[in-house]
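Descriptive structure summary
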Amino acid sequence: DAKTTQPPSMDCAEGRAANLPCNHSTISGNEYVYWYRQIHSQGPQYIIHGLKNNETNEMASLIITEDRKSSTLILPHATLRDTAVYYCIVRGDSGNQFYFGTGTSLTVIP
Amino acid sequence: GAGVSQSPSNKVTEKGKDVELRCDPISGHTALYWYRQSLGQGLEFLIYFQGNSAPDKSGLPSDRFSAERTGGSVSTLTIQRTQQEDSAVYLCASSFRRGRVEPQHFGDGTRLSIL
């Protein structure tokens, strides 16, 4: 599975959009991009995933660049409850696990 | 709908005792995974079950660890003769169908503390 690179921490003002970047320059054609978040003392929560098209659901939007070497998770109107560690994971159909790196610690500021 | 359920949520036991951790996956999910997460660390894969296929046990750290999945649903992770280094949060996840690209959905874990 391709390695991902994320900034270790970010701040965002409450009510503003949070844009979390992820680099995955070695991604291969059959690998998907997944985003999870983990709030303290809870299990990882699935947010969204995509292959090459932009995706949107009730939680977030995922923007994947045309060359697929990077992506951005967008939380359109961040709330205090969005404070968490956000993980970007790239995974294909080989292997049986997700590799969670160190992620981005997002702090939403009132 | 109901998510992945794990029990107990917390377990404290003495070194050398055996422990059993339970996972109820989301109904209809055929794939089930166990991970563990030590304090401040990422997730460490332990074992994977898919339907009636032989499980992938490649992540189990020692022969003191074992897991089973009965009836294709509930899974139990057993740790025998517990050691202090076994202290961690044990997470279970499940996913739908056979496709490995399907997202995994996690429970809130069992926090295991070995005294």
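Residues numbered from 1 in each chain as written. Chains lettered and ligands numbered in written order. Predicted model: local features only at pLDDT ≥ 70, side-chain atom pairs only at ≥ 80, totals over all residues. Heavy atoms only, no water.

Let's talk about the overall build of chain B
What chain B contains, in helices and strands, is 0 helices and 10 strands. Starting at the N terminus, the α and β elements of chain B follow one another as β-β-β-β-β-β-β-β-β-β. Oriented by its inertia axes, the alpha-carbon framework of chain B measures out at about 40 × 30 × 25 Å. As presented, chain B carries roughly 5,700 Å² of accessible surface, and 43% of it is formed by carbon and sulfur atoms. Chain B carries 13 positive and 12 negative side-chain charges, and their two centres are separated by 2 Å. (Helix = DSSP H or I, 4+ residues; strand = E, 2+ residues; numbered from the N terminus. Areas by Shrake-Rupley, 256 points an atom, 1.4 Å probe, with all protein chains shown as cover. Lys, Arg positive; Asp, Glu negative; His and termini not counted. Charge placed at Lys NZ, Arg CZ, Asp CG, Glu CD.)

Some details on the pairing of strand S6 (residues 65-69) of chain B
With burial as the criterion, only one face of S6 of chain B is covered, namely that bearing Phe65, Ala67 and Arg69 of chain B; the residues Ser66 and Glu68 of chain B on the opposite face remain uncovered. A loop of 5 residues connects S6 of chain B with strand S7 (residues 75-79) of chain B, the two strands running antiparallel in sequence, and glycine 71 of chain B in this loop sits at a positive phi of about 65°. (Buried < 20%, exposed > 50% of the residue type's maximum accessible area, 1.4 Å probe, protein only. Pairing = 2+ DSSP bridges.)

Here's the deal with the nonpolar core
Counting 21 residues, the largest nonpolar core has Leu20, Trp35, Leu73, Leu75, Tyr86 and Leu106 of chain A as its most contacted members. Among the elements of the structure, strand S2 (18-23), strand S3 (32-38), strand S4 (45-50), strand S6 (61-64), strand S7 (70-75), strand S8 (84-91) and strand S9 (104-109) of chain A are those that each provide at least two residues to this core. No other element matches the 4 residues that S8 of chain A contributes to this core. When residues no more than four places from it in sequence are discounted, the contact partners of leucine 75 of chain A are Arg16, Ala17, Ala18, Leu20, Met59, Ala60, Asp82, Tyr86 and Leu106 of chain A. Counting 19 residues, the second largest nonpolar core, distinct from the first, contains Leu46, Ala67, Leu77 and Tyr90 of chain B. (Core = buried A, V, L, I, M, F, W, Y, C linked by side-chain atoms within 4.5 Å. Contact = heavy atoms within 4.5 Å.)

Brief notes about unusual backbone geometry
Glycine aside, residues mostly have negative phi, and peptide bonds are mostly found in the trans state. The amide bond that connects serine 7 of chain B to the next residue, proline 8 of chain B, takes the cis arrangement and shows omega of -10°. With respect to the secondary-structure elements, proline 8 of chain B resides in the loop between strand S1 (5-7) and strand S2 (10-13). Unlike most non-glycine residues, arginine 68 of chain A shows phi in positive territory, near 65°. Mapped onto the elements of the fold, arginine 68 of chain A is located in the loop between S6 and S7. On the basis of relative accessibility, which here comes to 9%, the residue arginine 68 of chain A falls in the buried class. Of note in the backbone geometry, arginine 81 of chain B takes a positive phi value of approximately 45° without being a glycine.

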